[in-house]
Amino acid sequence: MSDLEKQLRAFVREGDIPVPHVPDLAARVAGAQRRHRQRRVAGVAAAVCVVAGAGVVGTMLRGGDSTPQPAAPTPSCAGVTLRSAGVSTGLGEAGPTLVLTLGGGTGGDARCPIGPGTRIDIGAGVEALTTTLAPGTPRVRLHPGQDALLELTWATWCGDGPPRVRVTFSTGDATTLDLPADTALPDCGDPSAPAPLGFVALRTIDVHPGGTAGSG
Amino acid sequence: MDADFADFVAAKQNGLLRYGMLLTGGDPHTAADLAQETFLRLGRRWRHVRDVEHQDAYARRTMTRLWWSRSKRDRRDVLLAEPEDRATSDAEPAWTSDLWAALQQLPPRQRAVLVLRYYEDCSEKEIAEVLACRPGTVKSQASRGMTTLRRLMGVDDGDPVIPDDSDAAGRTGGRSAHE
């Protein structure tokens, strides 16, 4: 190695290079992270809107069925219960998600609409997180003998211990469940800027008498 | 922000800002932007990055890739700009030493090759991977960079010796020693 190379090695490693003073770098990174998360949630919502819109257009193009339909059952969510709630830790950028299982009950012929307008509350007070499923979110009708799986991103939680989860339907009915004490909760992150809950998925599952379930 | 990641940012920011100054040839604004973007990238992959053995080297290579992508884009912008705009960007850098001044005058890729070579002890192949080019290009850029440095410094000695892959395989654990 030549003298110049030795000088260069010493200089790039230890040399006197002016370092810019950026006292708010950590805050800038945190802010950029928040904006990135918000853009990702908005992107998912936009994709859901596109998929839902394509479904509507497809239904219209098919022209529908001209056969008179029997009167639709009255929408009611009175018998729907929040059967389980858990947190999926997730991998990579997906982050933790809240997975809710809503049971449609066993009797009657009421159909419970779940989708746009359905509200989810996590906890109460100043730490509470709330979201209402937006127009364009997939809609399902939960009937007796079915379960519905609802998954939401849940990136931050600054409250004490596992909170209570409440689902309020567009019919006005509501159901609540306390998260188990051993639930692995998301990190608090920045208490002044909690991450919003974001819709991930919603689908129904047929519950068979033997206890098995099939995707619907 | 994750508490571990916040600690990481606080501990590494000065080192990355200094490295950004080296890469950019003394542009503090671009160095700060690069540091922010680098931490953002690392934060998105924090579950992986926190278990990386040589976090400093990993962060510097992330920054180098970001800077090189940005440099190519900015070069296109400069070429498209009006001559008056180009002229205003040729401000005289702060000369703190002959070597620093000479480094600042190198073209971006030659400077990146030399920084990766002498800061990180990277082999030709490793530098080529970071800069997305061929090892032969790395070799020629290193040679031209050193030739320019020798000319600017007024010295006359041989070409730089960049280790091939067999040399690189024999090196272990030295990259973070100077952090």
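Residues numbered from 1 in each chain as written. Chains lettered and ligands numbered in written order. Predicted model: local features only at pLDDT ≥ 70, side-chain atom pairs only at ≥ 80, totals over all residues. Heavy atoms only, no water.

A. Structural context of the interface of chain B and chain A. The partner chain A presents 37 residues to the 41 residues of chain B that form the contact. When chain B packs against chain A, the two sides together hide about 3400 Å² of surface, and 64% of this comes from carbon and sulfur. Run the count over chain B and chain A and you get three salt bridges. We note a salt bridge from Arg 28 of chain A to Asp 33 of chain B, for which the minimum N-O separation is 3.5 Å. (Contact = heavy atoms within 4.5 Å. Buried area = accessible area lost by both parts, 1.4 Å probe. Salt bridge = Lys/Arg side-chain N within 4 Å of Asp/Glu carboxyl O.)

B. Focus on the state of the cysteines. Residue and element names in this part refer to chain A. A full pass over the atoms with the stated rule returns two disulfides over all chains. Residue pairing for Cys 77: its cysteine sulfur links by disulfide to Cys 112, the two sulfurs lying 2.0 Å apart. Looking along the S-S bond of the Cys 77-Cys 112 disulfide, the torsion reads about 95°, which is the right-handed sense. Of this pair, Cys 77 sits in the loop between α2 (25–62) and β1 (81–88) while Cys 112 sits in strand β3 (residues 112–114); the two residues are 35 residues apart in sequence, bridging distant segments of the chain. By relative accessible area, which is 1% here, Cys 77 ends up buried. Taking only the cysteines that form disulfides and numbering them from first to last, chain A has the pattern 1-2, 3-4. (Disulfide = S-S within 2.5 Å. Helix = DSSP H or I, 4+ residues; strand = E, 2+ residues; numbered from the N terminus. Buried < 20%, exposed > 50% of the residue type's maximum accessible area, 1.4 Å probe, protein only.)

C. Structural view of the packing of aromatic side chains. Residue and element names in this part refer to chain B. The final tally for this structure, using the stated rule, is eight aromatic pairs over all chains. Considering the side-chain rings of Phe 5 and Phe 8, the 6.2 Å spacing of their centres and the 20° angle between planes classify their relative orientation as stacked. With Phe 5 and Phe 8 both in helix α1 (residues 3–24), this residue pair falls three residues apart, about one helical turn. For the pair formed by Phe 5 and Phe 8, the shared burial category is buried. Geometrically, the ring pair formed by Tyr 19 and Tyr 119 is edge-to-face, given 5.2 Å between the ring centres and 85° between the ring planes. Here Tyr 119 lies in helix α7 (residues 108–120) and Tyr 19 lies in helix α1, a separation of 100 residues in the sequence. (Phe/Tyr/Trp six-rings, centres within 6.5 Å; stacked < 30°, edge-to-face > 60°.)

D. Highlighting the side chain of Arg 18 of chain B. Of note, Arg 18 of chain B is situated in helix α1. Buried within the structure, Arg 18 of chain B lacks any salt-bridge partner; Glu 14 of chain A is the closest side chain of opposite charge, at an N-O distance of 6.4 Å. Separated by 3.2 Å, the side chain of Arg 18 of chain B and the backbone oxygen of Phe 11 of chain A make a polar contact. Not counting chain neighbours up to four residues away, the residues in contact with Arg 18 of chain B comprise Phe 11, Val 12, Arg 13, Glu 14, Gly 15, Ile 17 and Val 19 of chain A together with Tyr 119 of chain B. (Lys, Arg positive; Asp, Glu negative; His and termini not counted. Polar contact = N/O pair within 3.5 Å; in protein donor to acceptor, adjacent residues only side chain to side chain.)

E. Quick peek at the nonpolar core. In terms of nonpolar packing, the biggest core is built from 52 residues, with Leu 8 of chain A together with Phe 39 and Leu 131 of chain B touching the most fellow members. Per-element accounting of this core gives the leading share, nine residues, to α1 of chain B. Excluding residues within four positions of it along the chain, Leu 131 of chain B makes contact with Thr 64, Trp 68, Arg 109, Ala 112, Val 113 and Leu 116 of chain B. Among the nonpolar cores identified, the runner-up in size contains 28 residues, and Ile 120, Leu 150, Trp 154 and Trp 157 of chain A belong to it. (Core = buried A, V, L, I, M, F, W, Y, C linked by side-chain atoms within 4.5 Å.)

F. Layout of the side chain of Thr 148 of chain B. Among the secondary structure elements, Thr 148 of chain B is positioned in helix α9 (residues 135–153). Residue contacts for Thr 148 of chain B: discarding those within four places in its chain leaves Leu 106 and Gln 110 of chain B.

G. Structural detail: α7 of chain B. All names here are of chain B. Between its first and last C-alpha, α7 extends 17 Å over 13 residues, near the 18 Å set by a 1.5 Å rise per residue. Most of α7 is tucked away, with eleven of its 13 residues classed as buried. Considered for burial, the residues of α7 that qualify are Gln 110, Arg 111, Ala 112, Val 113, Leu 114, Val 115, Leu 116, Arg 117, Tyr 118, Tyr 119 and Glu 120. Asp 121, located one to two residues past α7, shows a positive phi value of around 60°. (Expected span 1.5 Å × (residues − 1).)

H. Highlighting the pattern of salt bridges. Evaluated as defined, the whole model comprises eleven salt bridges over all chains. A single network of salt bridges, built from pairs that share partners, joins Arg 9 and Arg 13 of chain A together with Arg 117 and Asp 121 of chain B.

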